[in-house]
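# Examining the three-dimensional arrangement
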Amino acid sequence: MIKDSKLYDLLAVEPNASENEIIVAYYEMAERHHPENLKDDSHDSVSKFDEIKFAYDVLSNEENRKFYDENGYDATKEKLDKLDGFSYDDFTSQNFYNNLTNNECNFYQDQKYTKNLVFPLKTSLKDFYRGKKKLFEYQVLVICNDCDGTGLKKASINCSKCFGKNETGNARIREVCTECSECPICAGKRVVQAHKQIEICIEKGMRHKQQIAFTGLSNQKPGYQTGDLIFILEQSKHDTFSRYEDHLIMKHSINLTEALCGFKMLFRHLDGRLKTITHPGGEYFHNQTIKCIPKLGMPKINSSDFGDLIIKFDVIFPESKSLNLEKIKVNFEKVFHLNLL
C-alpha cells in the first residue's frame, strides 16, 4: 500500500506502472505542459512542469520510488534536498533561470527534443500469452558523421579563403566559404537516413495498446536532444478467443440434446495444448449459459498468476417437427438410468 499517489497522478499512471509506462507518460506530460509549447511562461505553468520533472526523477529511480511509496511526497522531497545539501526548490525552472545570465538562461530554456518516433506493432493473442521477441527494422535520421552535423564539407587548412574555418567575413557579417561548400554526403541537410534494427521483447500478459519505449532512439537533429522510439502493441483478431483484461472469452455452440444430456468439448489453448471441458448432464444449459474456468485465462504480467477462461454457450434448437423420439429416449435412459418402454 503506497502512502500517497501524488507523483503517480502527475504522470497520469497507476502506482503499479512499469518503467516503460513511466518513461512514456513523462515525455507525453512534459511535452504537453512545457511552458514553451503552451506559450505561457507564467509561474503556474513553470511550476507544473517542474512538478512533472520531479515526479519522473523519483519514479524512474527504483530506490527513490520505493522510498516514496513507503514514506510519501514530503519525506521524499526532504530526503532528496538533504542528499546533496541543497533544496530541490532552488533548482526548479523559475528559481534556477532567475539565477542565470541571459545566455545561460536561453541555453537551458531552449533545450528541445526531437519528436518521438511511434510505430504500431501487430501482435497476436498467442504472442501476448506466450511472450515473444521480435526484430523490427526501421529508417531513422542520424547526424551526418562526415560533417559532424554542420552540413558543410570539411574545410581544408590549405583553403586560401577561410583557412579551414568554413566561413569568411568580419565579426559582424559571416558567410559560408564558397570554396568549402555543402557536405557531399548529407547535401547540407546535416542528417542522413540510416537503416536500424531493434529487438522488442513482448512480455507475457502485455495488453492491446500497451507501449514499449526505447529512450533516445528517435530521429536525431543537431542542437536537439533525441526523442524516444515507441511501439504501440496492437492485438490481432483471434479465431477462437477474445480478451477482456486478464480473462479469455470464447463461444461454443451445443445442440439441445447436449444441453439436456451433457457433452464433452475439446479445444486447443494458446499454449498449444488440447483442453477438455466435460459436462456430465443432469443440469440444463439454457441459451447463453456462461461458465467460468479458473486459471485458464491470460497470464498476469510480472506474476505467476493467470486470469480465467469464460465460455459462453449458444444452444442450437432443432427446427419444428425435427425431433427424433428414439434418439431422445436413448439419451434419457443413458443420463437418468431409466428403462423407458
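Structure: see above.
Thresholds applied
Each chain has its residues counted from 1, running along the sequence as written. The predicted origin of the model limits local features to residues at a pLDDT of at least 70 and limits the giving and counting of side-chain atom pairs to 80 or more, whereas totals for whole chains, interfaces and linings rest on all residues. Heavy atoms from the whole structure form the basis of all side-chain values; hydrogens and water molecules are not counted. Helix numbers and strand numbers start at the N terminus; a helix is a DSSP run of H or I with at least 4 residues, a strand a run of E with at least 2. Accessibility here uses a 1.4 Å probe with only protein chains present; expressed as a share of the type maximum, an area under 20% marks a residue as buried, one over 50% as exposed, and anything in between as partly exposed. Contacts are residue-level and defined by heavy atoms, with any inter-residue pair within 4.5 Å sufficient. Residue-level accessible areas treat just the shown protein chains as cover; the underlying method is Shrake-Rupley with a 1.4 Å probe. Within this analysis, the arc is defined by the directions that extend from the helix axis to the C-beta atoms. Method remark: on a 1 Å grid restricted to protein atoms, a set of points is classed as a cavity if a 1.4 Å probe fits but cannot get out and as a pocket if it is open with protein on both sides within 12 Å along at least five of seven lines; lining residues have an atom within 4 Å of a point. Grid points are joined across faces, edges and corners, and a volume is the space filled by probe spheres set on the points. Note on residue classes: Ala, Val, Leu, Ile, Met, Phe, Trp, Tyr, Cys and Pro are nonpolar, Asp, Glu, Lys and Arg are charged, and everything else, Gly too, is polar. The term salt bridge refers to a side-chain nitrogen of Lys or Arg lying within 4 Å of a carboxyl oxygen of Asp or Glu. Patch construction takes residues with relative accessible area above 30% that form no salt bridge. Like charges are linked within 9 Å, and nonpolar side chains (Val, Leu, Ile, Met, Phe, Trp, Tyr) are linked within 5 Å. At least two DSSP bridges between two strands are needed for those strands to be called paired. Where helices are involved, their axes are fitted lines through C-alpha atoms of the stretch in contact, as for all axes, and angles between N-to-C directions lie from 0 to 180°. By nonpolar core is meant a set of buried Ala, Val, Leu, Ile, Met, Phe, Trp, Tyr and Cys residues that side-chain atoms within 4.5 Å join together. Stacked, tilted and edge-to-face pairs are distinguished by plane angle, under 30 degrees for stacked and over 60 for edge-to-face with tilted covering the rest, among Phe, Tyr and Trp rings (Trp via its six-membered ring) whose centres lie within 6.5 Å. Sulfur atoms of two cysteines make up a disulfide when they are within 2.5 Å.

### Describing the overall build of the protein chain
For the protein chain, the count of helices and strands is 11 helices and 13 strands. Every one of the 341 residues in the protein chain was classed for burial, and the buried ones make up 35%. Long-range pairs, those at least 24 residues apart, make up 61% of the contacts in the protein chain between residues at least 6 apart in sequence. Accessible surface, the protein chain: about 21,700 Å² in total, of which carbon and sulfur atoms supply 49%.

### Points about helix H5 (residues 62-71)
Every buried residue of H5 is listed here: Asn64, Arg65, Tyr68 and Asp69. Buried residues along H5 cover an arc of 135 degrees about the axis, so they all sit on one side. Opposite the packed face of H5, turned more than 90 degrees from it, sit the exposed residues Glu62, Glu63, Lys66 and Glu70. The positive-phi residue at the C-terminal boundary of H5 is Gly72, with phi of around 90 degrees.

### Let's talk about the layout of surface pockets
Volume-wise, the second largest pocket comes out at about 470 Å³. Along the wall of the second largest pocket there are 17 residues; nearest its centre are Asn16, Glu21, Arg207, Gln210 and Ile301. The class makeup of the residues in the lining of the second largest pocket is 4 nonpolar, 7 polar and 6 charged.

### Some details on the pattern of salt bridges
Counted according to the given criterion, the structure contains 9 salt bridges. For Asp127, the salt bridge goes to Lys134, with nearest N and O atoms at 3.9 Å. Look at Asp127 and you get buried, because its relative accessible area is 12%. Between Lys209 and Glu234 there is a salt bridge whose closest N-O contact spans 3.8 Å.

### Quick look at a nonpolar patch on the surface
Together, Leu260, Tyr284 and Phe317 make up an exposed nonpolar region whose accessible area comes to about 290 Å². The residue Phe317 is located in the loop between strand S13 (309-316) and helix H11 (325-336) in this model. The class for Phe317 is partly exposed, based on a relative accessible area of 47%.

### Structural notes on the sheet that holds strand S12 (residues 289-293)
Overall, mixed pairing links the 4 strands, which are arranged S8-S9-S13-S12 in an open sheet. With partners counted over all chains shown, the strands left at the sheet margins are strand S8 (241-244) and S12, one partner each. Each adjacent strand pair in this sheet contributes to an overall mean axis angle of 30 degrees, direction not counted. With 5 bridges connecting them, S12 and S13 associate as antiparallel partners. Bridge pairing in S13 links Ile293 to Leu309.

### What to know about the nonpolar core
Proteins that are soluble and globular tend to have nonpolar side chains buried together. Counting 37 residues, the largest nonpolar core has Ile198, Ile200, Phe241, Met265, Leu309 and Ile311 as the members making the most contacts within it. If we ignore the near neighbours within four places in the chain, the residues touching Ile311 are Met250, His252, Met265, Ile277, Thr289, Ile290, Lys291 and Ile293. Counting residues in hydrophobic clusters, the runner-up holds 26 residues, among them Ile23, Ala30, Phe54 and Tyr56.

### Things to note about the packing of aromatic side chains
In total, this model carries 11 aromatic pairs according to the counting rule given. Here the aromatic cluster, defined as three or more aromatic residues joined through ring pairs, consists of Phe119, Phe136, Tyr138, Phe214 and Phe231.

### Here's the deal with the state of the cysteines
Enumeration according to the criterion identifies 0 disulfides in this entry. In this model Cys147 remains outside any disulfide bridge; the closest cysteine sulfur is found in Cys186, 3.8 Å from its own. For Cys147, a relative accessible area of 4% gives the class buried.

### A short note on the environment of Gln210
Positionally, Gln210 belongs in the loop between strand S5 (191-202) and strand S6 (211-214). Taking the C-alpha atoms as reference points, Gln210 and Glu234, separated by 24 residues in sequence, lie 8.1 Å from one another. Here Gln210 is in contact with Glu21, Phe231, Ile232, Leu233 and Ile301, once residues within four sequence places are set aside.

### A few points about unusual backbone geometry
With glycine set apart, most residues show a phi of negative sign, and most peptide bonds adopt trans. A positive phi angle, near 55 degrees, is found at Ala187, a position not held by glycine. By secondary structure assignment, the location of Ala187 is in the loop between strand S4 (174-176) and S5. Even without being a glycine, Lys209 presents a positive backbone phi close to 75 degrees. Relative to the helices and strands, Lys209 is located in the loop between S5 and S6. Here Lys209 falls in the partly exposed class, since its relative accessible area comes to 46%.

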